[in-house]
Amino acid sequence: MNNRRLVNYIALPILLVAAVLGLYWVWGMLFLWWLVPSVMTGQTALVFDIQREDDPILFWAVAILWAVFGLMMIAASLFPTYAIWLV
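These numbers come from a predicted model, not from an experiment. As a convention, each chain's residues are numbered from 1 in the sequence order in which they are written. Totals for whole chains, interfaces and linings use all residues, but because this is a predicted model, local features are given only for residues with pLDDT of at least 70 and pairs of side-chain atoms are given and counted only at 80 or more. Hydrogens and waters are ignored; side-chain quantities use all the structure's heavy atoms.

Participant: Describe a nonpolar patch on the surface, listing the residues and the values that go with them.
Facilitator: By definition, no residue in a patch forms a salt bridge, and every one has over 30% relative accessible area; like charges are joined within 9 Å, nonpolar side chains (Val, Leu, Ile, Met, Phe, Trp, Tyr) within 5 Å. Surface accessibility follows the Shrake-Rupley procedure with a 1.4 Å probe radius. Residue values consider only the protein chains on display as shielding. The term salt bridge refers to a pairing of a side-chain nitrogen on Lys or Arg with a carboxyl oxygen on Asp or Glu at a separation within 4 Å. A cluster of nonpolar side chains, V17, V20, L21, L23, W25 and M29, forms an exposed patch at the surface whose accessible area comes to about 610 Å². Helix numbering and strand numbering both begin at the N terminus, where a helix is a DSSP run of H or I of at least 4 residues and a strand a DSSP run of E of at least 2. Those elements that place two or more of their residues in the nonpolar patch are α1 (3-21) and α2 (24-41). Sorting elements by how many residues they give to the nonpolar patch places α1 first, with three residues. Structurally, W25 is set in helix α2.

Structure (structure tokens):
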């Protein structure tokens, strides 16, 4: 089993536990994790793959949305009093 597959098998139960326990920061980190390679490669996915050179407006809209979601999830964990407004 290669490293990428192993990380996926480890990440799935961690994300499930985070969802059950309401650990939003874990999901926030995942959104930010998706953002970095998307911006670097110019390819992201929504329902289907989106290429930055073919559809730059949609690409950047999705990238910004992932960044906002990631930061919101982390902020919801850091500031639980305001979590209802963030998530």
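Participant: How would you explain the layout of surface pockets if you had to name every residue and give the values?
Facilitator: Unoccupied space between atoms shows up once a probe the size of one water molecule is rolled over them. Two kinds of site are reported from a 1 Å grid over the protein atoms alone, namely cavities, where a 1.4 Å probe fits but cannot get out, and pockets, open sets with protein on both sides within 12 Å along at least five of seven lines, and residues are called lining when an atom falls within 4 Å of a point. Grid points are joined across faces, edges and corners, and a volume is the space filled by probe spheres set on the points. In this structure, the largest pocket spans a volume of roughly 580 Å³. Along its surface, the largest pocket is lined by 16 residues, and V7, A11, L30, W33 and W34 are the ones closest to its centre. Only α1 and α2 provide two or more residues apiece to the lining of the largest pocket. If you tally residues by element for the lining of the largest pocket, the top one is α2, at eight residues. Amino acid classes used here: Ala, Val, Leu, Ile, Met, Phe, Trp, Tyr, Cys and Pro are nonpolar; Asp, Glu, Lys and Arg are charged; the rest, including Gly, are polar. Class assignment of the residues belonging to the lining of the largest pocket gives a composition of 13 nonpolar, two polar and one charged.

Participant: Go over the packing of α2 against helix α3 (residues 56-78) with me, naming the residues and quoting the values.
Facilitator: The convention used is that axes are lines fitted to C-alpha atoms, helices contributing only their stretch in contact, and that angles between N-to-C directions extend from 0 to 180 degrees. Packing of α2 against α3 leaves a shortest axis separation of 7 Å and a crossing angle of 155°. In terms of their interaxial angle, α2 and α3 are classed as roughly antiparallel. α3 is crossed by α2, and the crossing has left-handed handedness. For the pair formed by α2 and α3, the contact residues are Y24, W25, W27, G28, M29, F31, L32, W34, L35, S38 and V39 on the first element and F59, W60, A63, W66, A67, F69, G70, L71, M73, I74, A76 and S77 on the second. When grouped by side-chain class, the residues that make up the contact of α2 with α3 number 19 nonpolar, four polar and no charged. Working rule for angles: under 35 degrees goes down as roughly parallel, over 145 as roughly antiparallel, 65 to 115 as roughly perpendicular, anything else as oblique. Rotating anticlockwise by less than a right angle from the far helix to the near helix defines a left-handed crossing, while the corresponding clockwise rotation defines a right-handed one. Contacts were defined at the residue level, with two residues in contact if any of their heavy atoms lie within 4.5 Å.

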